[in-house]
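Okay, here's what each chain looks like letter by letter:
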Amino acid sequence: MDDFLAARSQMALSLGFHIVFSCIGMVMPFFMAVSHYKWLRTDNELYKNLTKAWSKGVAIFFATGAVSGTMLSFELGLLWPKFMEHAGPIFGMPFSLEGTAFFIEAIALGFFLYGWNKLNKWFHWFTGMVVGVSGLASGILVVAANAWMNSPAGFDFVDGKYLNIDPIQAMFNKAWFSQALHMCLAAFTATGFAVAGVHALMILRNKNKAFHFKAFKIAAVFACIGALLQPLSGDISAKDVAKRQPAKLAAMEALYKTEKPAPLLIGGIVNEQEKTVTAAIKIPGALSFLAHGDFDAEVKGLDQIPENEHPPVAITHYAFQVMVGIGTLLMIISLIYFFNLARKGSILNKRWLLKLFVLAIPLGYIALEAGWTVTEVGRQPWIIYGIMRTADAVTPMPGIAYSFYIFSAIYLSLSGVVAFLLYRQIKMVPYVYDKTAEPDINHK
Amino acid sequence: MEYVVITFLCLGILLYFLLGGADFGAGIIELFTSAKNRSRTRKTMYHAIGPVWEANHMWLIIAIVILFVGFPHIYTTMSVYLHIPLLIMLIGIIARGTAFVFRHYDAIKDDMHWLYNRIFRYSSFITPLFLGIIAGSVISGHIDTNANDFLSAYVFSWLNWFSVSVGLFTVSLCGFLAAIYLIGETDDGHDKRRFIKKAEYMNIAAVIFGAMVFIAAAIDKIPLIDWVFKNPVGLSAIVLASLSLILLWYLLLKGKTKVLRILAGFQVSMILLAISYAHFPNFIRLKNGDTISLFNTLGPEKTIYSLGLALLLGSVLILPFLGYLFYKFQKKEE
Ligand code: HDD
Ligand code: HEM
Ligand code: HEM
């Protein structure tokens, strides 16, 4: 494996790993806050136990997120020193604010996890909320930094020099809003479906139904609201990409030739050598509409972009298909769920619906990773879009492949241990959190 | 504004060294505790550092963010030439943080704990060792930006007597800080005596490794003695550190545990000051005699201005909250 490929793979692996944990860290505090609030209001022990059970899980995820994030802040320099040398001062603003947000988050987490019976109970609740809000803020900030790589702003690029640097303008670049919105919704959707699915599975197995049903409901409502808004926000993103990164849009849709009106491709097999797509379903004019809001608009194809600036088309296209496909599926599940709620139906006797939720456990996260693949691979060959090439940014140090292997092994084993710990937490629910006899909740 | 930024950078490094160092030290203490006392040490330690380790760890992130935003050239030079020790330190950080949390939150106590404990102890040792190696390498003048073979560019930059001695010295200081910290966290007379013993050993180790640092500096022709002793600030810092050490052992015998921490922290800060003052604001010394200083690599004006503002704003939000965290979870003195 050559050093450049190894560096890219290591970066992708580290980010793909971190994102899972950071999303959980961003979203779970809100689920806990709801459950905690219900406990403070209703005095129902089950809610207190649920909050505690979740908080154990969050502590595990949070620590993993924190160490993998630390890793990332060094890795940017370890792998891409030439990029950081120039980009650091420009896109550093969100990172320095993020530092504050992390700090507050870590402090609040200390209070929350260790504050049971030690703090005023509303202050305790409040510290939990602070964890969530600062987590969300740090997510938005770091995505603003990534958005800058897609849509550089806040400096003038003259003769290879970066002049008139304005970090504030860099932070509020053209892409930050659409990306941050889509990312936050994705975090809620992915984590919501994963959590709801696990509890749905326990309900299906008839284990501690009262406990798991309460947990399911909180997670499912968040997840389904997220999944319904996701396609709308995705549409905003797509229009945005069409404007600022036509090459990425063309790669997402494997549009080799400029067309007017352009069709939307669903599925299909991309042949990168011959620049063709076969076996795709074509919806005439739909891409023109999605990209520009007009069924007759022209959409730029890859033929208008110099060959040495083409992103890898196949990966981008497949990843985009996966994300949108899953997005549509999750939206349908959400519609069914809300329809059922509106009709006051109980989900407990709709086993097929619970099974759908179980099916969706990994889907949100798959879509999330796919979405980032679209964004990051679709930006290639640029590390700073239109300014610096990724190949020019890589570290001169040889042997990166070994560090890639080491980190793959570390991340793999960490994932294994986290899954194992979670499994054990769930196994302990009947002994630690829910000792009550099964009450009859089928009529609720 | 650059002074604000530099102050925060120094503060970040110092606090990570003190607070994070004490966290690592706790693991080192556990490593050197006999098997029959380990579970007691573990328990004391858990209560002492559980609520604060994640916040302590943030000082490292703050320092690194300040470096890459404000002093990108320093950050990238370190990243390139100290790639290997940084990588090992990071693996240590990952292993330690996760093992610490996993072993506490694992719902079932069984053989897995054997593994968590091992990982926790060894990574608590390795991480500060490499942290010290990195710190030593930065000022050792072994970083060779003109090197054209792998070993001299990426290995000898940090694998030399001086850096390794600084690493070992760091480990012993961390152990010392932790032992002093833990004395105040237990009521049990037996445990207290154990931690006092540990503090003594760590203190002796620190003196030995400290001497080794000077010897290595002489071998490697690093003017460490000049920095420390031919400079009024360096000299007084060392004198103060030594005096406070005497006071510290006196107070220890009297059982005044809370002041001890401040003294131990003070002592370590003085040692850092002594080493770094003379060549401040130079940050990295290169093999060809050049230095990379904080001032000649400062980022653009607007960046430094907004970074400084962000840090000031952040500290207004953070410090009261953080103080309350430490206050709330420290053991009450009867
Ligand atoms: C749960 C996860 C999830 C789901 C269901 C969707 N997305 Fe997404 N998408 C993401 C998770 C995500 C992401 C991982 O969060 C990305 C990567 C970068 C970003 O801003 O969001 C993303 C990026 C992303 C981009 C590229 C943005 C850019 O490069 O700036 C587009 C055009 C879309 N999405 C469009 C959609 C559409 C039309 C969806 C319709 C259903 C959709 N996404 C569902
Ligand atoms: C967490 C979600 C993210 C995922 C899953 C992700 C994924 C990836 C992938 C797959 C690559 C490799 C692309 C290629 O080489 O073909 C990459 C590269 C990179 N990403 Fe991201 N990314 C994420 C977020 C971010 C963020 C927030 C930043 C910075 C603020 C960032 C910075 C980079 C850099 C510097 C590279 C290397 C240069 C490059 O290949 O262009 N990424 N990422
Ligand atoms: C889209 C990508 C990212 C998102 C949404 C994100 C979000 C988060 C969140 C919410 C946390 C809080 C800790 C947790 O809950 O586990 C976190 C932790 C962290 N992240 Fe990321 N992050 C992303 C990428 C990055 C990148 C590219 C870096 C580094 C350059 C980074 C650095 C960190 C650090 C240092 C921490 C640890 C903070 C702590 O100790 O609390 N993150 N991230």
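The model shown is predicted, which means the values in this text are computed figures rather than measured ones.

## A few points about the interface of chain B and chain A
Item 1. Contacts between chain B and chain A engage 59 residues on the former and 65 residues on the latter.
Item 2. Buried surface at the junction of chain B and chain A, summed over both partners, amounts to about 5,800 Å²; 81% is from carbon and sulfur atoms.
Item 3. Summed over the shared surface of chain B and chain A, the result is zero salt bridges.
Item 4. Where chain B packs against chain A, one counts five residue pairs in polar contact (both at pLDDT 80 or more).
Item 5. Broken down by secondary-structure element, the contributors of at least two residues to the side of chain B that touches chain A are α3 (53–70), α4 (72–81), α5 (83–105), α6 (112–140), α7 (150–155) and α13 (301–329) of chain B.
Item 6. Of the residues that constitute the side of chain B that touches chain A, the class distribution is 43 nonpolar, 11 polar and five charged.

## Looking at the site of ligand 2
Residues and elements named next belong to chain A.
Item 1. Looking at ligand 2, there are 23 residues lining it, with R8, L15, E376, R379 and Q380 nearest.
Item 2. In this structure, R8 approaches ligand 2 through a side-chain N or O atom, which is 2.4 Å from an oxygen atom.
Item 3. Take R379: an N or O atom from its side chain is 2.8 Å from an oxygen atom of ligand 2.
Item 4. Looking at the shell around ligand 2, the element that brings in the most residues is helix α1 (residues 3–42), giving six residues.
Item 5. Of the residues that constitute the shell around ligand 2, the class distribution is 15 nonpolar, four polar and four charged.

## Description of the coordination of the iron atom of ligand 2
Item 1. From the protein, the iron atom of ligand 2 takes a single donor atom, E376 of chain A (OE), 2.0 Å away.
Item 2. The topology assignment puts E376 of chain A in helix α12 (residues 363–377).

## Describing the packing of helix α3 (residues 81–114) of chain A against α4 of chain B
Think of two packed helices as two axes; the pair is described by the angle between the axes and how far apart they sit.
Item 1. Where α3 of chain A contacts α4 of chain B, the axes come no closer than 9 Å and their chain directions differ by 160°. As judged from the angle between their axes, α3 of chain A and α4 of chain B are roughly antiparallel. Our pair here, α3 of chain A against α4 of chain B, has a crossing hand that is right-handed. Of the residues in α4 of chain B, those touching α3 of chain A at P81, M84, E85 and P89 of chain A are P72, H73, Y75, T76 and V80 of chain B.
Item 2. Of the residues assigned to the contact of α3 of chain A with α4 of chain B, the class counts are six nonpolar, two polar and one charged.

## Some details on the site of ligand 3
Item 1. Surveying the vicinity of ligand 3 reveals 26 residues, the closest of which are H18, S22, G25, F102 and V142 of chain A.
Item 2. Among the chains of the assembly, those with residues near ligand 3 are chains A and B.
Item 3. Contact between ligand 3 and H18 of chain A: a nitrogen atom at 3.0 Å from a side-chain N or O atom of the residue.

## Examining unusual backbone geometry
Item 1. Q380 of chain A connects to P381 of chain A through a cis peptide bond whose omega is 5°.
Item 2. Looking at the element boundaries, P381 of chain A is found in the loop between α12 and β5 (382–384).

## Here's the deal with empty space enclosed by the protein
Item 1. One pass over the structure, following the stated rule, counts five cavities of 30 Å³ or more.
Item 2. Its boundaries defined by the atoms lining it, the largest cavity holds a volume of some 180 Å³.
Item 3. Along its surface, the largest cavity is lined by 18 residues, and F8, I62, L311, S315 and I318 of chain B are the ones closest to its centre.
Item 4. Elements supplying a minimum of two residues to the lining of the largest cavity: α3 of chain A together with α1 (2–31), α3 and α13 of chain B.

## Quick notes on the pattern of salt bridges
Opposite charge on two side chains permits them to pair, given that their charged atoms come into close proximity.
Residues and elements named next belong to chain A.
Item 1. Applying the stated criterion across every chain, the model contains three salt bridges over all chains.
Item 2. We note a salt bridge from R244 to D240, for which the minimum N-O separation is 3.0 Å. Of this pair, R244 and D240 both sit in helix α7 (residues 209–244), four residues apart, which is roughly one turn of that helix.
Item 3. Exposure remark for D240: the relative accessible area of 15% places this residue in the buried category.

## As for the confidence of the model for chain A
Residue and element names in this part refer to chain A.
Item 1. Confidence along chain A averages 83 in pLDDT terms, with 96% of residues attaining 70 or more.
Item 2. Of all helices and strands in chain A, the one with the weakest mean pLDDT is helix α15 (residues 429–432) (63), whereas α12 scores best (92).
Item 3. Here residues 437–444 is a poorly scored stretch, pLDDT under 50, and it has 16 contacts once near neighbours within four places are set aside; other chains count.

## Some words on the side chain of S334 of chain A
Item 1. Note on placement: S334 of chain A falls in helix α10 (residues 313–342).
Item 2. The contact partners of S334 of chain A, leaving out residues within four places of it in the chain, are F193, C224, A227 and L228 of chain A.

Rules and cut-offs
Residues numbered from 1 in each chain as written. Chains lettered and ligands numbered in written order. Predicted model: local features only at pLDDT ≥ 70, side-chain atom pairs only at ≥ 80, totals over all residues. Heavy atoms only, no water. Contact = heavy atoms within 4.5 Å. Buried area = accessible area lost by both parts, 1.4 Å probe. Salt bridge = Lys/Arg side-chain N within 4 Å of Asp/Glu carboxyl O. Polar contact = N/O pair within 3.5 Å; in protein donor to acceptor, adjacent residues only side chain to side chain. Helix = DSSP H or I, 4+ residues; strand = E, 2+ residues; numbered from the N terminus. Nonpolar A, V, L, I, M, F, W, Y, C, P; charged D, E, K, R; others polar. Near = heavy atom within 4 Å. Donors = N, O, S within 2.8 Å, 3.2 Å for Na, K, Ca; no water. Axes fitted to C-alpha atoms, helices over the stretch in contact; angles between N-to-C directions. Parallel < 35°, antiparallel > 145°, perpendicular 65-115°, else oblique. Left-handed = near helix turned anticlockwise from the far one by under 90°. 1 Å grid on protein atoms, 1.4 Å probe; cavity = no way out; pocket = protein on both sides within 12 Å on 5 of 7 lines; lining within 4 Å. Points joined across faces, edges and corners; volume = space filled by probe spheres on them. Buried < 20%, exposed > 50% of the residue type's maximum accessible area, 1.4 Å probe, protein only. pLDDT = per-residue confidence, 0-100.

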